[in-house]
Every structure is written in structure tokens, then in C-alpha cells.
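For reference, the chains in residue letters:
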Amino acid sequence: MPIYEYVCDSCGQQFELMRSIKDANNTAPCKHCHSSETHKMLSVFFAHSDGRSVEGSGHSCANCSGGACSGCGHH
Ligand SMILES: [Zn+2]
């Protein structure tokens, strides 16, 4: 089963939860304060990408009409 990372909107704590894919979008109660006000975090890939945009990922800015920013020099 995949492990999902959640952040609690009530206490701000992060926690991991191992659950089946079909339950991935269900509410996960906080392990710290048991609040149901939690949301799933972005994938580990994005969380660990230290803020840099990834070329060729489909991200675009106002200066480029295509999908890639590698040519527009905006970044
Ligand atoms: Zn909490």
C-alpha cells in the first residue's frame, strides 16, 4: 500500500498514513489532535525539489505560450 503524507489544518502537524488507493481521497484524521481538518500534501517529488521549477514538466509562465519555460528566460 502506498504511504500518503497529510498536513493537519488544525494543529499544523504533518503525518504519514498508509492506506489503499481507493481510500486516498477520504478524510484522514490527524494523528496528533484527531481533527478531520486535514489535507493531502503534494507528492514527495515536489516537496523535495527545493523550489526549482522542473523543465519539461508542463509548467508555463506568462512569457511563454508553450509548455516549457526553457527558452523564455523568465526563470
Ligand atoms: Zn492535528
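Attention in this report is confined to the structure presented alongside it. All values reported here derive from a predicted model rather than from experimental measurement. Here the residue index of a chain counts from 1 through its sequence in written order. With the structure being a predicted model, the display of local features is reserved for residues of pLDDT at least 70 and the display and counting of side-chain atom pairs for 80 or more, all residues being used for whole-chain, interface and lining totals. Water and hydrogen atoms play no part in the side-chain values, which are based on all heavy atoms of the structure.

Turning our attention to the environment of isoleucine 21. Position of isoleucine 21 among the secondary structure elements: in the loop between β2 (14–18) and β3 (38–40). Considered as a pair, isoleucine 21 and tyrosine 4 are 17 residues apart in the sequence and their alpha carbons are 9.6 Å apart. The secondary structure listing takes helices from DSSP runs of H or I that are at least 4 residues long and strands from runs of E that are at least 2 residues long, numbered from the N terminus.

A few words now on the nonpolar core. The nonpolar side chains of a soluble globular protein tend to be buried with one another. Ranked by size, the top nonpolar core spans eight residues in total: Tyr4, Tyr6, Cys8, Phe15, Leu17, Ala24, Ala28 and Cys30. Looking at this core, the elements with two or more residues in it are β1 (3–8) and β2. In terms of residue count, β1 provides more of this core than any other element does, three residues in total. Any two residues having at least one pair of non-hydrogen atoms within 4.5 Å are treated as being in contact. Not counting residues within four places of it along the chain, the set of residues in contact with alanine 28 comprises Tyr6, Phe15, Leu17, Arg19, Ser35 and Thr38. Among buried residues, the Ala, Val, Leu, Ile, Met, Phe, Trp, Tyr and Cys ones that are joined through side-chain atoms within 4.5 Å form a nonpolar core. Residue burial is assigned from relative accessible area. The probe radius is 1.4 Å, only protein chains are included, and a residue is buried under 20% of its type maximum, exposed over 50%, and partly exposed in between.

What follows deals with the sheet that holds β3. At least two bridges found by DSSP between two strands is the condition for calling them paired. One open sheet holds the three strands; their spatial order is β2-β1-β3, and the pairing between them is antiparallel. Where the open sheet ends on each side, the last strands, each with one partner, are β2 and β3. This sheet shows a mean twist of 35° between the axes of neighbouring strands, independent of strand direction. Across three bridges, the pairing between β1 and β3 is antiparallel. Each residue of the ladder has a partner; that of cysteine 8, found in β3, is threonine 38. Axis geometry follows a simple rule: fit a line to the C-alpha atoms, using only the stretch in contact for helices, then measure angles between N-to-C directions, giving values from 0 to 180 degrees.

Now for the coordination of the zinc ion. By definition of the ideal shapes, a tetrahedral metal site with four donors has angles of 109.5 degrees and an octahedral site with six donors has angles of 90 or 180 degrees. Donor selection uses N, O and S atoms within 2.8 Å of the metal (3.2 Å for Na, K and Ca). Since no water is included, sites may look incomplete. Within the first shell, the zinc ion binds the protein through Cys8 (SG), Cys11 (SG), Cys30 (SG) and Cys33 (SG), at distances of 2.3 Å. Metal-centred angles of 105 to 116° between the four donor atoms at the zinc ion mark the site as tetrahedral. Sequence positions of the donors to the zinc ion reduce to the motif C-x2-C-x18-C-x2-C. In this pair, cysteine 11 is assigned in the loop between β1 and β2 and cysteine 33 in the loop between β2 and β3, connecting sequence segments 22 residues apart. Residue cysteine 33 is classed as partly exposed on the basis of its relative accessible area of 34%. Only four donors with every angle between 85 and 135 degrees are called tetrahedral; only four or six donors with opposite donors over 155 degrees apart and all others between 65 and 115 are called square planar or octahedral, in that order; all others are irregular.

Glancing now at the pairing of β2. Within a regular strand, side chains alternate between the sheet's two faces. Here β2 shows a buried face lined by Phe15 and Leu17 and an unburied face lined by Gln14, Glu16 and Met18. As judged from the five bridges shared by β1 and β2, these two strands associate in the antiparallel manner. Among the inter-strand pairings, tyrosine 6 is bridged to a residue of β2, identified as phenylalanine 15.

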